[in-house]
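Residues per chain, in single letters:
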Amino acid sequence: MTRPDRLTGQLDPDGAVLLTVECQEGVVGKTSALPELAAAAQESGALNNIARLVAGAHRAGVQVVHAVAERRPDGRGANHNARLFRAAARLPVAQHTGSAAVRIAEPIEVAEADLVVRRLHGLSPLAGTDVDALLRNLGCRTLVVTGVSANVAVPNAVFDAVNLGYTVVVPSDAIAGVPADYTAALTRHTLALVATLTTTDEVLARWRAP
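In what follows, the accompanying structure is described. As the structure is a computational prediction, the values presented were derived from the model and not from experiment.

A word on helix α7 (residues 153–163)
Logical step 1: All buried positions along α7 are accounted for by Ala 153, Val 154, Pro 155, Ala 157, Val 158, Asp 160 and Ala 161.
Logical step 2: As for α7, its buried residues are in contact with β1 (16–21), β4 (142–148), β5 (167–171), β6 (175–176) and α8 (180–194).
Logical step 3: Just downstream of α7 lies Gly 165, where phi reads positive at about 100°.

Here it is as structure tokens:
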């Protein structure tokens, strides 16, 4: 199989699921607690490309799963074992359960059939959450990973999905991190070793095909 043919097979709507990672208002939106990351997602075009992929998935009948990171106001159950978690607890915008900060950010549209999975702990959208069980029940063979950040949650999602036996596709223009050159290096030198790298346009072209 040529690479384009292999990608077409991987993106078969019957076996593919689109995952958005931490595309929430308090992370990539206008009221982000992480303005540098939000700016990277906006300025790189990644957030807009994620919205395009979600819309294309809806049209093609591809299941969409949104992975959201949040915490209780009392912090119960949250991690405290790394500097990242301690810093997050001091941010001016808290990702509190039920708050505007944990809503999926514009311009991404959430359809009634979409699944939203929320986690109170850890770094990964898959480890310790319901995502793996949901993907298996959905018949998922290929997980298309998008979102933020390329620094932490996105590589966690890719590695965990590969370890769980899924084929992973990463549209490299639909992920973001800081600084931008780190995202490019991670994609080329790390994610390329375990996932099929592609673009938003290539994914959408296959989801539009007869």
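There is more to say after this.
A look at the pattern of salt bridges
Pairs may arise between side chains of opposite charge once their charged atoms sit close together.
Logical step 1: One pass over the structure, following the stated rule, counts seven salt bridges.
Logical step 2: The shortest N-O distance in the salt bridge between Arg 119 and Glu 22 comes to 2.8 Å. Here Arg 119 is found in strand β3 (residues 115–119), whereas its partner Glu 22 is found in the loop between β1 and α2 (25–28), with 97 residues between them in sequence. The residues Arg 119 and Glu 22 share a single accessibility class, namely buried.
Logical step 3: A single network of salt bridges, built from pairs that share partners, joins Arg 72, Asp 74 and Arg 76.

Things to note about the layout of surface pockets
Logical step 1: Within this model, the largest pocket holds a volume of roughly 750 Å³.
Logical step 2: Glu 22, Leu 34, Leu 84, Ala 88 and Leu 91 are the residues nearest the centre of the largest pocket, which is lined by 33 residues in total.
Logical step 3: For the lining of the largest pocket, the secondary-structure elements that each account for two or more residues are α2, α3 (35–43) and α5 (83–89).
Logical step 4: Grouping the amino acids of the lining of the largest pocket by side-chain chemistry returns 20 nonpolar, eight polar and five charged.

Here we look at the nonpolar core
Logical step 1: Of all hydrophobic cores here, the largest spans 30 residues; its most connected members are Leu 11, Leu 18, Val 28, Leu 53, Ile 108, Val 148 and Trp 207.
Logical step 2: It is helix α4 (residues 46–60) that contributes the most residues to this core, seven residues altogether.
Logical step 3: Aside from chain neighbours lying at most four places away, what touches Val 28 is Glu 22, Cys 23, Ala 38, Ala 41, Gln 42, Leu 47, Ala 105 and Val 148.
Logical step 4: Among the nonpolar cores identified, the runner-up in size contains 25 residues, and Leu 19, Val 117, Ala 157 and Leu 191 belong to it.

Conventions we followed
- For every chain, the first residue of the written sequence is number 1, and numbering continues from 1 along that sequence.
- Local features are withheld for residues below a pLDDT of 70 in this predicted model, meaning they are given only at 70 or higher, and side-chain atom pairs are given and counted only at 80 or more; totals for whole chains, interfaces and linings count all residues.
- Hydrogen atoms and water are omitted, and side-chain values are computed over all heavy atoms in the structure.
- Accessible area is worked out with a 1.4 Å probe on protein chains only. A residue is then buried under 20% of its type maximum, exposed over 50%, and partly exposed in between.
- Each helix corresponds to a stretch of at least 4 residues labelled H or I by DSSP, and each strand to a stretch of at least 2 residues labelled E; elements are numbered beginning at the N terminus.
- Contact between two residues is taken to exist if any of their heavy atoms lie within 4.5 Å; hydrogens are not considered.
- Within this document, salt bridges are pairs made up of a side-chain nitrogen of Lys or Arg and a carboxyl oxygen of Asp or Glu, the two lying within 4 Å of each other.
- Only protein atoms enter the 1 Å grid used here. Points where a 1.4 Å probe fits but cannot escape make up a cavity, open sets with protein on both sides within 12 Å along at least five of seven lines make up a pocket, and a residue lines them when an atom lies within 4 Å of a point.
- Grid points are joined across faces, edges and corners, and a volume is the space filled by probe spheres set on the points.
- As a working rule, the residues Ala, Val, Leu, Ile, Met, Phe, Trp, Tyr, Cys and Pro are called nonpolar, Asp, Glu, Lys and Arg charged, and the rest polar, with Gly in that last group.
- What makes a nonpolar core is a set of buried Ala, Val, Leu, Ile, Met, Phe, Trp, Tyr and Cys residues whose side-chain atoms join them at distances within 4.5 Å.

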